[in-house]
Number of protein chains: 2
Amino acid sequence: MSRQDRNLRPSDLPSTRRSLPIALIRAREAVMTPIRDMLAGTGLTEQQWRVLRVLDEFGPLDSSELAGRAGLMASSLTRIVQTMTGAGLLKRHTPKADRRRQVIAVTDAGRAVLQDNKATAALIAASYRTRLGAADYEQLLDLLERLSDPE
Amino acid sequence: MSRQDRNLRPSDLPSTRRSLPIALIRAREAVMTPIRDMLAGTGLTEQQWRVLRVLDEFGPLDSSELAGRAGLMASSLTRIVQTMTGAGLLKRHTPKADRRRQVIAVTDAGRAVLQDNKATAALIAASYRTRLGAADYEQLLDLLERLSDPE
DNA sequence: GTGATTTCCTTGACATGTTAATAGTTGCTT
DNA sequence: AAGCAACTATTAACATGTCAAGGAAATCAC
């Protein structure tokens, strides 16, 4: 029984000093700040950058899959795609087979923005890894996934 | 050298399938959903709940400390406090010693909302712990803190 | 003291998060 | 084929996130 368990009745809440929700918020802040700094000159938000990243990796996707893979709500994605299509970074079309869907793809202009920032983004990603060490970094990812996936 | 390191050139980005930012977003979603469900009947947001939690734990705090401890931006906190003061859950006053500050405190009505939901919140918090096991849960918190604190 | 600087909070503008409602399609059932 | 259910994307309304700018008060420098 760890130190934290002692004197913990079932109805006790953990201190906000060591609370999982707040720890997740702070970590997201720490991880995102360098990415936002990188994107400051481009006019992109971190969410728009993730959309480019995902489409670059998987190719054209319909809205729901894109939203899922980029960690965005469907309603947010709708607006983001509208903005980025207007800016010439994305294009979309409705497949004849199922006209409910919107298939979204990157334009050449979008690929150019990706290319311009990939190297910096890779350095930022590597810095997280260095910060924790490779083993702890992988374990952090594992733990976060176990939190998200009920199985 | 781990499997992930092989064939990784310095300029390569990790796959969005296993990306720290997206993993953090998904984990936050998983952790917050039960809390939002709990609060559905109260009209509170998860952020407003955190404000109550922090003030309950530390007593009256000025805006910047409250924002920091609750994981909120100062500008968001300003609006949240306005809303919650209007709803009678918080009260604030300006200390004579430093009239720049706003000291914020919970009202009896705020404490009542806290009391009504504490037991459920404690069960939710315990469920995260159970899901990962106590040891992994503590390590997850440690890793998240190491990500946030440069030291 | 006075002016410059810093601290603390607030506001505004815009993007996203969250939820609920809705229109348009498709699939299923009969 | 007609009706109903399920699916997909969008919109609206409101709260928060993010950044930049601003006002009021305290602090510093001289």
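What you see as residue numbers is a count from 1 along each chain, following the sequence as written. For naming, the first written chain is A and the first written ligand is 1, with later ones following in the order written. The predicted nature of this model means local features are confined to residues of pLDDT at least 70 and side-chain atom pairs, given and counted, to a pLDDT of 80 or more, with totals for whole chains, interfaces and linings taken over all residues. Excluding hydrogens and water, the side-chain figures rest on all heavy atoms present in the structure.

Section: the protein's contact with DNA strand C
And then number 1: By convention in these notes, a residue is near a molecule or strand provided one of its non-hydrogen atoms lies within 4 Å of it. Taken together, 26 residues form the shell around DNA strand C, and within it Thr45(A), Ser75(A), Ser76(A), Ser64(B) and Gln82(B) come nearest.
And then number 2: Here a phosphate oxygen of DNA strand C sits 2.9 Å away from a polar atom, N or O, in the side chain of Arg36(B).
And then number 3: By definition, any uninterrupted DSSP run of H or I lasting at least four residues is a helix, any uninterrupted run of E lasting at least two residues is a strand, and each is numbered from the N terminus. For the surface near DNA strand C, the secondary-structure elements that each account for two or more residues are helix H2 (46–58) and helix H4 (74–86) of chain A together with helix H1 (20–39), helix H3 (63–70) and helix H4 (74–86) of chain B.
And then number 4: Ten residues, namely Ala, Val, Leu, Ile, Met, Phe, Trp, Tyr, Cys and Pro, are considered nonpolar, four, namely Asp, Glu, Lys and Arg, are considered charged, and the remaining ones, Gly among them, are considered polar. Of the residues contributing to the surface near DNA strand C, the split by class is 3 nonpolar, 11 polar and 12 charged. By the criterion applied in these results, polar contacts are pairs of N or O atoms within 3.5 Å in which, for protein atoms, one can donate a hydrogen and the other can accept it, and in which residues neighboring in sequence qualify only through two side-chain atoms.

Quick word on the pattern of salt bridges
And then number 1: Only one rule defines a salt bridge in this text: a Lys or Arg side-chain nitrogen within 4 Å of an Asp or Glu carboxyl oxygen. Applying the stated criterion across every chain yields a total of 30 salt bridges over all chains.
And then number 2: Its salt-bridge partner being Asp142(A), residue Arg18(B) comes within 3.0 Å of it at the nearest N-O pair. Remark: Asp142(A) occurs in helix H6 (residues 134–148) and Arg18(B) occurs in the segment before H1; the pair is interchain, linking two chains.
And then number 3: In this structure, Asp108(B) engages Arg111(B) in a salt bridge whose closest nitrogen and oxygen atoms are separated by 3.2 Å. Taken together, the residues span about one helical turn, with Asp108(B) and Arg111(B) both in helix H5 (residues 108–132) at a distance of 3 residues.
And then number 4: For Arg111(B), a relative accessible area of 39% translates into the label partly exposed. Between buried and exposed lies partly exposed: a residue is buried under 20% and exposed over 50% of the maximum accessible area for its type, with that area taken using a 1.4 Å probe on protein chains only.

Brief notes about the relation of the copies chain A and chain B
And then number 1: With an RMSD of 0.0 Å, chain A superimposes on chain B once it is rotated by 180° and translated 0.0 Å along the axis. A rotation of that kind, with that shift, is consistent with a two-fold axis. The superposition of copies rests on a least-squares fit of C-alpha positions from residues with pLDDT of 70 or more in both.

A closer look at the protein's contact with DNA strand D
And then number 1: Around DNA strand D, a shell composed of 27 residues is seen, among which Gln82(A), Arg101(A), Thr45(B), Ser75(B) and Ser76(B) lie nearest.
And then number 2: The sugar-phosphate portion of DNA strand D accounts for 77% of its atoms within 4 Å of the protein, the bases making up the rest.
And then number 3: Within the side chain of Arg36(A), an N or O atom sits 2.9 Å from a phosphate oxygen of DNA strand D.
And then number 4: The contact in question runs from a phosphate oxygen of DNA strand D to an N or O atom on the side chain of Gln82(A), over 2.5 Å.
And then number 5: At the level of secondary structure, the elements contributing two or more residues to the surface near DNA strand D comprise helix H1 (20–39), helix H3 (63–70) and H4 of chain A together with helix H2 (46–58) and H4 of chain B.
And then number 6: Broken down by class, the residue content of the surface near DNA strand D amounts to 4 nonpolar, 11 polar and 12 charged.

Focus on the environment of Met38(B)
Residue and element names in this part refer to chain B.
And then number 1: Counting through the fold element by element, Met38 comes out in helix H1.
And then number 2: Each C-alpha atom, one on Met38 and one on Lys118, is 10 Å from the other, the two residues being 80 residues apart in sequence.
And then number 3: Every residue pair with non-hydrogen atoms within 4.5 Å of one another is taken to be in contact. Setting aside anything within four residues of it in sequence, one finds Met38 in contact with Trp49, Asn117, Thr120, Ala121 and Ile124.

So, the sheet that holds strand E2 (residues 90–93) of chain A
All names here are of chain A.
And then number 1: For two strands to be treated as a pair, DSSP must find at least two bridges joining them. Pairing in this open sheet of 3 strands is antiparallel, and the strands run E1-E3-E2 from one edge to the other. Each edge of the open sheet carries a strand with a single partner, namely strand E1 (61–62) and E2.
And then number 2: Relative to strand E3 (residues 103–106), E2 runs antiparallel, the two being bridged by 4 bridges. Each bridged residue has a counterpart across the sheet, and for His93 the counterpart in E3 is Val103.
And then number 3: In this analysis, axes come from line fits to C-alpha atoms, helices being fitted only over the stretch in contact, and the angle between any two N-to-C directions falls in the range 0 to 180 degrees. Here H4 sits on the sheet in contact with E2 and E3, set at roughly 115° to E2.

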